[in-house]
Number of protein chains: 2
Amino acid sequence: MARTVGVVGGGQLARMMLPPAVALGVELRVLAETEGSSAGIAPHVVGDYTDVETVLAFAREVDVVTFDHEHVPQPVLERLVAEGVAVHPGPHALQFAQDKLRMRERLGELGVPMPDWARVEDQEQLQAFLDDHGGRGVVKTPRGGYDGKGVRVVSSASEAADWFDRGALLVEELVSFQRELAQLVARRPSGEIAAWPVVETVQLNGVCAEVFAPASPSLAASAADEVARTIADGLDVTGVLAVELFEAEDGRLLVNELAMRPHNSGHWSIEGSETSQFEQHLRAVLDLPLGSTMARSPHTVMINVLGGPADGDLDGRYPAALAASRDAKLHLYGKSPRPGRKIGHVTAWGDDLDDVVYRARAVSAHFE
Amino acid sequence: MARTVGVVGGGQLARMMLPPAVALGVELRVLAETEGSSAGIAPHVVGDYTDVETVLAFAREVDVVTFDHEHVPQPVLERLVAEGVAVHPGPHALQFAQDKLRMRERLGELGVPMPDWARVEDQEQLQAFLDDHGGRGVVKTPRGGYDGKGVRVVSSASEAADWFDRGALLVEELVSFQRELAQLVARRPSGEIAAWPVVETVQLNGVCAEVFAPASPSLAASAADEVARTIADGLDVTGVLAVELFEAEDGRLLVNELAMRPHNSGHWSIEGSETSQFEQHLRAVLDLPLGSTMARSPHTVMINVLGGPADGDLDGRYPAALAASRDAKLHLYGKSPRPGRKIGHVTAWGDDLDDVVYRARAVSAHFE
């Protein structure tokens, strides 16, 4: 049986695959960008994931290749497949996570609800879209954006003028939303899908700050599961798929972004679900039976530790943070504090939402 | 802050410290007996733990030294302490886990309830003890016994004749017990103690086979917490202390064995407690605030995978075992199947004990 999983990318998502790999008896190997990466605690090699020979050499030592990020170029991915490497998710799925214009086109074919959008080649086309949508819109570079990068809210086409050099842009309706949701599912190559409860995500400056699992129920939230399953099947995603959604003021549930890997909005599942997103991702890419995605508590709250203490003294705050709540869990990613950088997260759970939030914030407050 | 923990011994206990080390941002290093050991997935060196220079060189690279087993010789431990290494538990505590005669003497001083016992130098003394205790007794070699090794139930002194070459033996009353319990606590160098719920353990041929957490309540069980705290304080144990107990037919709660490390009877805590014994051990030896030891479910059951499938085809059984219960967890230790060898365990949890047992056995049955 295939039991060695190779992860391209040495970030915290690869790092957090290590604990469930230990339990499952799965061997994990990481292709890291640099020495000292977050996932460098696992057996790893350092190399350039855009270099086909480097990735191929790494892939030959493992049974399945998967990813910490979506940035491996298509030609590299396609070469792996041509050489018979099991790649999950595969290049045909990843293209939709790598290119937001392709994603919008494909989701349109699948009939998935989305914000109004258009492909715009120049300022004139962009301005026309803005004029049709109350004078404002969200402009996105099709490639390379994440955590608020490559995204601008504009009220004039000129505000995106510098981006047209790189080619066509995506423009989307600026959705007035009640809240943002995230629906995670995992899908095996053989087709089995498991969905976690839909969660509410709170963003701060384009970066996920807090996650509430499950989201308080609403008509829109109850549709999220079906939307994510449609996308996972339609795009042939293998592994974890995260679907970021808007619950619009007018009640529409609209797909915002996709990620084809474990996702920040799923970190709550480590303690909060019977099977964490990291364990499930390993099971899925190995085409093993998926685990239960039931919540273990009525409420689980995850708070990101962004940047760390202003004085950089992470270690000094550590004991007090642990003492602040004996039943919350602090996760650190082995990264140096730097303003805005995700260096860890805190999870708390229980029956009473206010108490759960209080306990999680009591810990995270030590790192602000 | 001290953040690198060195574990002497490369068995499954060291292995299972790795997942919480990842989450806590604690660096783990292992001194393993051989290449390919269970904990060899963590950064490790291979060396002889009875060689003082080997252990000292290992210790110099870490902030705290702790253990996967209790077999490091006292002179080695004492040298570490003399060189200023933080050793938890320390040699003064470990001596009582290494020598069962010393343990009985010391527990007697602490007034802890025990089976009747005696130190016997020869067959004559042993026979006198047997004659006073209904003609039967349990003879133990003071050192080196575990999992039923070094223990014999005898009805005549001649049955232990071969063991007297090695020196004095321990003989104990053969306790008629209703059940066996285990009480685990963790203690920090600064004195804080946290106790898990007492559990019931079921042994098969002297080896732990199943654990039920918590044990169904009884007058004796409710006293276990106090007994374990008395021992932890009295022996100055740091890290996890496991106290194996008999609940005798006559209602007495009697201390059977001690272990000063994470223990098989605590594996349930990985999923079943808010803080697992492995996380707590790391927190304790680093003198960090201890985590909550509350149970996360009304019932958690742990079943050891002993030996593995008779045909040795562990991998072939793996998918079916995972499919047998989507909400049980299979832990494998990276060991080859061999009759009687602990190669993994299964944990299930929930509200209904019968259902929990059923689900755990549905998984473990694939490896019998």
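Quick caveat: nothing in here was measured; it's all calculated off a predicted structure.

Quick word on the UniProt feature "binding site: ATP" (unreviewed entry) in chain A
All names here are of chain A. In this structure's numbering, the residues bearing the UniProt feature "binding site: ATP" (unreviewed entry) are K100, K140, E172, E173, L174, V175, E180, N256 and E257. Residue position: K100 is located in helix 6 (residues 100–110). When its relative accessible area of 9% is taken as the criterion, K100 is described as buried. Mapped onto the secondary structure, E257 falls in strand 15 (residues 253–259). For E257, a relative accessible area of 14% puts it in the buried group.

A short note on the sheet that holds strand 2 (residues 27–32) of chain A
Paired through backbone hydrogen bonds, the strands of a sheet run either parallel or antiparallel to each other. All names here are of chain A. Ordered by their spatial adjacency, five strands build an open sheet running 3-2-1-4-5, and the pairing between neighbours is parallel. Edge positions in the sheet fall to strand 3 (44–46) and strand 5 (86–87), since each of these pairs with one other strand and no more. For strand 1 (residues 4–8) and strand 4 (residues 64–67), the ladder comprises four bridges, and the chain directions are parallel. The residue of strand 4 that forms the bridge with G6 is V65. Against the sheet, helix 3 (residues 52–59) engages strand 1, strand 2, strand 3 and strand 4, with an angle of about 170 degrees to strand 2. Helix 10 (residues 277–285) contacts strand 1, strand 2 and strand 4 of the sheet and is inclined by roughly 145 degrees relative to strand 4.

Considering the interface of chain A and chain B
On the side of chain B, 37 residues touch chain A, which itself brings 37 residues to the contact. Overall, the association of chain A and chain B removes approximately 3400 Å² of surface from exposure, summing both partners, and the carbon and sulfur fraction of that is 51%. A per-residue breakdown of the area chain A buries against chain B is headed by A:V22, A:R296 and A:R326, which together make up 20% of the total. The salt bridge involving B:E279 is made with A:K329; its shortest N-O contact spans 3.1 Å. For the pair chain A and chain B, the interface holds 24 residue pairs in polar contact (both at pLDDT 80 or more). Its residues assigned to classes, the side of chain A that touches chain B shows 19 nonpolar, six polar and 12 charged.

Definitions and cut-offs
Note that residues are indexed from 1 along each chain, following the sequence as it is written. As a convention, the first chain written is A and the first ligand written is 1, with the rest following in written order. Reporting of local features is limited, given that this is a predicted model, to residues whose pLDDT is at least 70; pairs of side-chain atoms are given and counted only at 80 or more, and all residues count toward the totals for whole chains, interfaces and linings. Excluding hydrogens and water, the side-chain values take into account all heavy atoms of the structure. UniProt positions are given in the numbering used here, feature names are shortened, and annotations may be inferred rather than shown by experiment. The secondary structure listing takes helices from DSSP runs of H or I that are at least 4 residues long and strands from runs of E that are at least 2 residues long, numbered from the N terminus. For each residue, the accessible area found with a 1.4 Å probe, counting protein chains only, is set against the maximum for its type, and the residue is called buried under 20%, exposed over 50%, and partly exposed in between. By this definition, two strands are paired if DSSP reports at least two bridges between them. Only heavy atoms matter for contacts: two residues are in contact if any of them lie within 4.5 Å across the pair. Axis definition: a line fitted to C-alpha atoms, over the contacting stretch in the case of helices. Angles run 0 to 180 degrees between N-to-C directions. Once two parts are put together, the accessible area they lose, assessed with a 1.4 Å probe and summed over both, is termed the buried area. Any carboxyl oxygen of Asp or Glu that lies within 4 Å of a side-chain nitrogen of Lys or Arg is treated as forming a salt bridge with it. Polar contact criterion, stated in full: a pair of N or O atoms within 3.5 Å, where within protein one must be able to donate a hydrogen and the other to accept it, and residues adjacent in sequence count only if both atoms are side-chain atoms. For this scheme, ten residues count as nonpolar: Ala, Val, Leu, Ile, Met, Phe, Trp, Tyr, Cys and Pro. Four count as charged, namely Asp, Glu, Lys and Arg, and the remainder, Gly too, count as polar.

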